[in-house]
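A look at the structure
Listed below, chain by chain, are the residues.
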Amino acid sequence: MCDRPEWSVAKLARESGIARQTIFDWMKAPDGGDSVTIGSVRRVADALGDDIVNALAAAAGVPDREADEELSPILQSDLDPQAKAELVEYLRGLREAQRHARRTEISAMLNRPRRAA
């Protein structure tokens, strides 16, 4: 949406029925925020005329769907769009949980007392 010159947050809010502040919050949050749901992604995709699977991949933070070894089989499957959307959302949740676990582990490592050399 940000790359489309004729679109703005205000226009997206009007077209999707999602509050402008919610959209701004999504844009500011590194992970998109807690309020992003399959339904809200669908509303944004419908407003923009985008494919729901493309929109879900973008919401999941997948920069290049074609190169994603986990996402590509889902998108290329014969599943119906809702089932694909649910699997993409599941994958996004797994990735976020893994990122959180890595951040926690790194933080713990950085906070360990160091031995004098």
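Now for a description of the structure that goes with this document. (Residues numbered from 1 in each chain as written. Predicted model: local features only at pLDDT ≥ 70, side-chain atom pairs only at ≥ 80, totals over all residues. Heavy atoms only, no water.)

1. Quick notes on the packing of helix H4 (residues 52-59) against helix H6 (residues 81-110)
A pair of packed helices can be characterised by two numbers: the angle between their axes and the separation between those axes. At a closest axis distance of 10 Å, the pairing of H4 and H6 adopts a crossing angle of 5°. Between H4 and H6, the angle falls in the class roughly parallel. Two secondary-structure elements touch here, H4 through Ile52, Val53, Leu56, Ala57 and Ala59 and H6 through Pro81, Lys84, Ala85, Val88 and Arg92. Per-class residue counts for the contact of H4 with H6 are eight nonpolar, no polar and two charged. (Axes fitted to C-alpha atoms, helices over the stretch in contact; angles between N-to-C directions. Helix = DSSP H or I, 4+ residues; strand = E, 2+ residues; numbered from the N terminus. Parallel < 35°, antiparallel > 145°, perpendicular 65-115°, else oblique. Contact = heavy atoms within 4.5 Å. Nonpolar A, V, L, I, M, F, W, Y, C, P; charged D, E, K, R; others polar.)

2. Examining the pattern of salt bridges
Two side chains bearing opposite charge may form a pair once their charged atoms approach each other closely. According to the stated counting rule, one finds five salt bridges in the structure shown. Between Lys28 and Asp25 there is a salt bridge, with its nearest N and O atoms 3.8 Å apart. With a gap of three residues between them, Lys28 and Asp25 both fall in helix H2 (residues 20-28), about one helical turn apart. Lys28 gets classed as exposed once you look at its relative accessible area, which sits at 63%. Put simply, Glu96 and Arg99 hold a salt bridge, and the shortest N to O gap is 3.0 Å. Highlighted residues: Glu96 and Arg99, both in helix H6, separated by three residues, approximately one helical turn. Take Glu96: its relative accessible area is 15%, and that puts it in the buried class. Owing to a relative accessible area of 30%, Arg99 belongs among the partly exposed residues under this scheme. Counted as one network, the salt bridges with shared partners bring together Glu96, Arg99 and Arg103. (Salt bridge = Lys/Arg side-chain N within 4 Å of Asp/Glu carboxyl O. Buried < 20%, exposed > 50% of the residue type's maximum accessible area, 1.4 Å probe, protein only.)

3. Some words on helix H3 (residues 38-48)
Where H3 is concerned, the buried positions are Ile38, Ser40, Val41, Val44, Ala45, Ala47 and Leu48. Of the surrounding secondary structure, the elements contacted by the buried residues of H3 are helix H1 (9-16), H2, H4 and H6. Phi for Gly49, located one or two positions after H3, is positive at around 75°.

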